[in-house]
Each structure stands twice: as C-alpha cells, then as structure tokens.
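Summary of the model geometry
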Amino acid sequence: NEDSVAFNKKIFSALLTCGVALTGCETTTPPNTLKFKTPMSSLKSNKKVSPAVAHAMELLEQEKFHEASQYINQALQGEPKSVALHLLNAMTYEKLSEVGDATGSELASVGYTSAVNLDPSNYFAVTQLGKLKYREQAFSEAQEHFANALLIKPNDADLWHEFAAASYYAYD
C-alpha cells in the first residue's frame, strides 16, 4: 500500500508539472494591448517623487511618448543613478516600440537592464525585462529574468506562470 501511495504521489507530481508547463503555452499580453501598472514602490524608494519623475509620468499619462522620451533622457543626464527615471525611460521606449519605433524594444531592454544594475532587487524591472525578452522570443533570457524575479517574490503565481511558459518555449 505504501508503494501505491508513493506511485500516486509520483503521478500527481508529474501531472502537476505537465499542467504548469502546458498552461504556460499562452501567456504575456500581446504588445498592442500592453498596459503598465507600475507599482509606485518601483519608482520611488523614499516615498517622494522627484519633480523630474512626476513630470515624466504626467507626459506618459498624456501619451506624449516622444516628448516624454526626450524629457527623461535629459533628466537622466543630471540623475544617471535614478532607478525611477531608468524605469520610466524603458517603459517609454516600449510604448514607442508599440507605435512603430524600430529601436524602441532594444532601448527598453537597455533601460530595464540599467534599472536592474542599479537595484537588483527591483521586482518590477526584473519582471518587465523578462516579459520583454519573452515577447522577443528570447525564451532562455526570459526564463533567467523570471527566475531572478522569483528569487525576489517566490510566491507570485503569475510569475510562476510566466516562468513556466518561458521554460516550455526554451525547451527546458
């Protein structure tokens, strides 16, 4: 009877693994419907938003992406270690990519990477980098970023789903 219980546990474990892998076949939001729900904690560590960040966010809310991009890049000249500005810069480039800017996706990747380099525990930046790589079909890179994000928030079910999908498509 103990062998039967052990066998059932093995079957259940295998089915659960397959289920997670198969449900990951369809994930992440298509680029044309991307919406950013940026947690404010990702943009500010001291609970105060700098005037540069506030103005950039205002431009983004008004969907003035080109103007926001210029403003953020100028602000980064004065505040090159601002994680919030690097995140906003990356998000702006993603939006520009959606409207046809050929370099937007690559520059978004640079922005998220800069934010992660400045603050490796920034869950939002790590996760967005994973989602960006997933949309680019760089599944192994996406898998790595999702794994790093899981080190920060190991109980995030949506993130486990993203990780499973990237792993599936990376044949891992």
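Refer to the structure printed above.
Residues numbered from 1 in each chain as written. Predicted model: local features only at pLDDT ≥ 70, side-chain atom pairs only at ≥ 80, totals over all residues. Heavy atoms only, no water.

Some words on the overall build of the chain
- Scanning the chain for helices and strands turns up nine helices and zero strands.
- Order of helices (α) and strands (β) in the chain, N terminus to C terminus: α-α-α-α-α-α-α-α-α.
- The buried share among the 172 residues of the chain stands at 41%.
- Looking at the chain alone, contacts between residues at least 24 apart form 56% of all its contacts between residues at least 6 apart.
- A total of about 10300 Å² of accessible surface is found on the chain, and carbon and sulfur atoms cover 55% of it. (Helix = DSSP H or I, 4+ residues; strand = E, 2+ residues; numbered from the N terminus. Buried < 20%, exposed > 50% of the residue type's maximum accessible area, 1.4 Å probe, protein only. Contact = heavy atoms within 4.5 Å. Areas by Shrake-Rupley, 256 points an atom, 1.4 Å probe, with all protein chains shown as cover.)

Points about the nonpolar core
- The biggest cluster of nonpolar side chains holds 40 residues, and the ones touching the most others in it are Ile72, Leu85, Leu87, Leu88, Tyr112 and Tyr134.
- Among the elements of the structure, helix 3 (51–61), helix 4 (65–78), helix 5 (83–98), helix 6 (104–118), helix 7 (123–135), helix 8 (139–152) and helix 9 (157–169) are those that each provide at least two residues to this core. (Core = buried A, V, L, I, M, F, W, Y, C linked by side-chain atoms within 4.5 Å.)

Description of helix 9
- Spanning 13 residues, helix 9 covers 19 Å between terminal C-alpha atoms, matching the ideal 18 Å at 1.5 Å per step.
- The opening residue of helix 9, the one whose side-chain oxygen lies 3.0 Å from the backbone nitrogen of Asp158, is Asp156. (Expected span 1.5 Å × (residues − 1). Polar contact = N/O pair within 3.5 Å; in protein donor to acceptor, adjacent residues only side chain to side chain.)

Considerations on unusual backbone geometry
- Positive phi, close to 60°, is recorded for Glu63, a residue that is not glycine.
- Mapped onto the fold, Glu63 is located in the loop between helix 3 and helix 4.
- Classification of Glu63 as exposed rests on a relative accessible area of 60%.
- Positioned with a positive phi, Gln137 is a non-glycine residue whose angle comes to about 65°.

Quick look at the packing of aromatic side chains
- What the rule picks out here adds up to five aromatic pairs.
- Seen from their ring centres, Trp160 and Phe163 are 6.0 Å apart, and the 90° between their planes marks the pair as edge-to-face. Taken together, the residues span about one helical turn, with Trp160 and Phe163 both in helix 9 at a distance of three residues.
- The exposure class assigned to Trp160 is partly exposed, which follows from its relative accessible area of 44%.
- These aromatic residues form a ring-pair network of at least three members: Tyr134, Phe139, Tyr168 and Tyr169.
- The side chain of Lys153 reaches across the aromatic face of Tyr123, ending 4.5 Å from its centre. (Phe/Tyr/Trp six-rings, centres within 6.5 Å; stacked < 30°, edge-to-face > 60°. Lys NZ or Arg CZ within 6 Å of the ring centre and 35° of its normal.)

Things to note about helix 6
- With 15 residues, helix 6 extends 21 Å from end C-alpha to end C-alpha; this agrees with the ideal 21 Å at 1.5 Å per step.
- Every buried residue of helix 6 is listed here: Gly104, Ser105, Ala108, Ser109, Gly111, Tyr112, Ala115 and Val116. For helix 6, the angular spread of buried residues about the axis comes to 165°, placing them on one side. Looking at helix 6, the residues exposed on the side facing more than 90 degrees away from the buried face are Glu106 and Asn117.
- Along its buried surface, helix 6 packs onto helix 5 and helix 7. (Arc of directions from axis to C-beta.)

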